[in-house]
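Spelled out from the first residue to the last, the chains are:
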Amino acid sequence: MVFLTRQAEFAASHFYHNPALSPEENRRIFGKCNPSNGHGHNYILQVTVCGEVDPVTGMVLDLKELKEILEREVMDPMDHRFLNHEVPVFATTIRPPRTWP
């Protein structure tokens, strides 16, 4: 079994806002993450695939195909985008900050 990891970096902006709350409640709960013009982050995405090496190609997965998938699914829709306005899943979903161990 071989593991292959590919990394992609992108930048995007967003804000936290719950339309069911008043502007004051949103500011109190989300603080500096609530401005309507948003705030930005630099993201690092690591994708790992694993499998047996194909005896014909010598690859677990065609790296060109993996790059095309990352471009289509992550980079094109999210790089330099305002996530709340330009990525449909984030238009109605509040994502709390995630902390990593």
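Rules of the game
- Residues numbered from 1 in each chain as written.
- Predicted model: local features only at pLDDT ≥ 70, side-chain atom pairs only at ≥ 80, totals over all residues.
- Heavy atoms only, no water.
- Helix = DSSP H or I, 4+ residues; strand = E, 2+ residues; numbered from the N terminus.
- Buried < 20%, exposed > 50% of the residue type's maximum accessible area, 1.4 Å probe, protein only.
- Polar contact = N/O pair within 3.5 Å; in protein donor to acceptor, adjacent residues only side chain to side chain.
- Contact = heavy atoms within 4.5 Å.
- Salt bridge = Lys/Arg side-chain N within 4 Å of Asp/Glu carboxyl O.
- Pairing = 2+ DSSP bridges.
- Axes fitted to C-alpha atoms, helices over the stretch in contact; angles between N-to-C directions.
- Expected span 1.5 Å × (residues − 1).
- Bend = angle between axes of the 7 residues up to and from the residue.

*Asks:* Can you walk me through the side chain of Asn 34 in this structure?
*Replies:* With respect to the helices, strands and loops of the structure, Asn 34 is situated in the loop between helix H1 (23-30) and strand E2 (39-51). In this structure Asn 34 comes out as buried when scored by relative accessible area, which is 11%. Among the polar contacts listed, one links the side chain of Asn 34 to the side chain of His 17, at a separation of 3.4 Å. In this structure Asn 34 touches Phe 15, Tyr 16, His 17, Asn 26 and Arg 27, once residues within four positions along its chain are discounted.

*Asks:* Can you help me understand the pattern of salt bridges in this one?
*Replies:* Any two side chains of opposite charge can pair, on the condition that their charged atoms come close. Summed over the entire model, instances satisfying the criterion amount to three salt bridges. A salt bridge links Arg 27 to Glu 24; the shortest N-O distance between them is 3.8 Å. One end of the pair, Arg 27, and the other, Glu 24, are both in helix H1, three residues apart, so they sit about a helical turn from each other. Arg 27 sits in the partly exposed class, given a relative accessible area of 47%. On the accessibility criterion, Glu 24 (51% relative accessible area) is exposed. Its salt-bridge partner being Arg 72, residue Glu 73 comes within 3.0 Å of it at the nearest N-O pair. Exposure remark for Glu 73: the relative accessible area of 45% places this residue in the partly exposed category.

*Asks:* In this structure, what is going on with the sheet that holds strand E1 (residues 2-14)? I would like to understand it.
*Replies:* What links the strands of a sheet is backbone hydrogen bonding, and the strands pair in either a parallel or an antiparallel sense. Strand order in this open sheet of three strands is E2-E1-E3, and the pairing throughout is mixed. With partners counted over all chains shown, the strands left at the sheet margins are E2 and strand E3 (81-82), one partner each. Note: E1 against E2, 13 bridges, orientation antiparallel. Residue pairing across strands places Ser 13 opposite Gly 40, the latter belonging to E2. Against the sheet, helix H2 (residues 63-78) engages E1, E2 and E3, with an angle of about 20 degrees to E1.

*Asks:* For this particular structure, what's the right way to read the pairing of E1?
*Replies:* Every other side chain in a regular strand lies on the same face of the sheet, so the side chains alternate between the two faces. As paired strands, E1 and E3 are joined by two bridges and run parallel to one another. Within the sheet, the bridge partner assigned to Ser 13 lies in E3 and is Phe 82.

*Asks:* Would you mind showing me how to read H2 here?
*Replies:* The periodicity of an α-helix, 3.6 residues per turn, causes residues three or four places apart in sequence to face the same way. With 16 residues, H2 extends 21 Å between its outermost C-alpha atoms, agreeing within 8% with the 22 Å of an ideal straight helix rising 1.5 Å per residue. Largest kink in H2: about 40 degrees, centred on Glu 71. Residues of H2 that are buried: Leu 66, Leu 70, Val 74 and Met 75. Against the buried residues of H2 lie E1 and E2. Two to three positions downstream of the cap, the backbone nitrogen of Lys 64 sits 2.8 Å from a side-chain oxygen, assigning the N-cap of H2 to Asp 62. Following H2 by one or two positions, His 80 adopts a phi angle in the positive range, close to 55 degrees.

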